[in-house]
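Commentary on secondary and tertiary structure
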Amino acid sequence: MPNSIASPAPVAITPMRRAALPLLFLLLGVIYASWVSRIPALRDNLQLDPASLSLFLLGGGIGAVGSFPLAAWLVGHYGARRASWYAGVLLLVTIPCLALAPTLPLLMLAMLCLGAWSSCFNVAINTLAAEVEKLAGRSIMSQLHAWFCVGTLSGALLGSAVAGIGIGPFLHFSLIAACVAIPLRLCYRALPNDRPQYIAGKKHFALPHGPLIALGVVAFGGAIVEGSVADWSGVYMKDRLLASDGVAPLAFAFFAGMMLLTRIVGDRLKEALGARRVVAGGGLIAGIGMLIALLASQIPFAIFGFALTGVGVATIFPFIFSAAGRHGPTALAGVTTMGYTGGLIGPPLIGFLAHGFGLPAALSLVGVLCIAVALAASRARWLE
């Protein structure tokens, strides 16, 4: 008699399944860089001063930090795959609203929603990445975050191009949302179903404690540096060095491009030198880059300084997320909360300081913070 118990057929790993996770990181980078590259245009549309622009950015930070319990619940209740789909759709619906807001309060509201859905999407795809890294048995997080940089570089260059030819933010954001929707759906359908079994009373979110606090502190400082460069480099280029609307986004584009190149080799550096040394050394390099950018009197030298800063901060989040992800999605969400709290505080703080002391003086604080990140990383034992 034939054996009535058949062995389960192996699951085919299709090319789309292999590409799905890197593509999700790329799509998040495109969306992020698209709106960041148009901050000068959004500011000019509503005639915002530095303090008002800080309030706009504050809305995104509040949305991001406030949404982490929701992000952890979505991942814990529905699985990271489904959570990334839900958050991604809401993200695409929200981004055109930034260009439609007629007043600062409505712009802040749109930014709050954008920050919330971005953070939910971010936690979901990094949870997927941490699980893949466990299965792979080797460091791959830096390579995955390199795809985010591919997205930010592409989005920043595209933003520079469309701004240079006079396309408005609403049409720009609408086209981005329409183009991203199709690959987002394809990624969702390609990824394996990871919906977890519901456990009554399971705790899905908690603030970092013990050694996780050190990881959270490094993430906190890194988020301030990365967010401040992303949000203020274009304004600095335009106001301080008189760059045009087409040239101003190039500072962020080169920042993102050098982050990409560094993340491509980041996993090899981690295996050769250790995560603590790489992140600590990167903090020092980022500080030097900010010094060059702030002392530069010509546009190419300023762009070089911001690019060097990108080299320095490139490995912070991949290695932090990798270390926290080894302890599960609850730890990952908690550490990410501290990181995004830095993103909440940093860019608006730079704006308020710029309002009182000027943008160069405000950005000098970012350079000092890079050194603090280096010191904190040298003490973060769980980075290894």
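Residues numbered from 1 in each chain as written. Predicted model: local features only at pLDDT ≥ 70, side-chain atom pairs only at ≥ 80, totals over all residues. Heavy atoms only, no water.

Let us look at the overall build of the protein chain. Counting secondary structure elements, the protein chain contains 17 helices and 0 strands. The proportion of buried residues among the 384 residues of the protein chain is 56%. Taking as baseline every contact in the protein chain between residues at least 6 positions apart, the subset at least 24 positions apart corresponds to 86%. Here the protein chain displays about 16100 Å² of accessible surface, and carbon together with sulfur accounts for 69% of that area. (Helix = DSSP H or I, 4+ residues; strand = E, 2+ residues; numbered from the N terminus. Buried < 20%, exposed > 50% of the residue type's maximum accessible area, 1.4 Å probe, protein only. Contact = heavy atoms within 4.5 Å. Areas by Shrake-Rupley, 256 points an atom, 1.4 Å probe, with all protein chains shown as cover.)

This part is about the environment of P69. Within the secondary structure, P69 is located in helix α4 (residues 68-78). Among the residues examined, P69 registers a relative accessible area of 39% and is labelled partly exposed. Linking P69 and G334, residues 265 residues apart in sequence, is a C-alpha distance of 8.6 Å.

Turning to its location among the elements, A219 is positioned in helix α10 (residues 212-240). Separated by 98 residues in the primary sequence, A219 and F317 place their C-alpha atoms 6.7 Å from one another. The residues contacting A219, other than those within four sequence positions of it, are F317, I320, V335 and G339.

Note: most peptide bonds trans; most residues except glycine with negative phi. A positive phi angle is found at Q47, which is not glycine, with a value near 55°. Secondary-structure assignment places Q47 in the loop between α2 (39-46) and α3 (50-66). At L242, a residue that is not glycine, the phi angle is positive and equals roughly 60°. For L242, a relative accessible area of 71% translates into the label exposed.

Confidence in the prediction for the protein chain averages 83 pLDDT; 89% of positions are at 70 or higher. Across residues 1-11, confidence stays below pLDDT 50; counting only partners more than four residues off in sequence or on other chains, it has 1 contact. In the predicted structure, residues 197-201 sits below a pLDDT of 50 and forms 1 contact with residues beyond four places in sequence or in another chain. (pLDDT = per-residue confidence, 0-100.)

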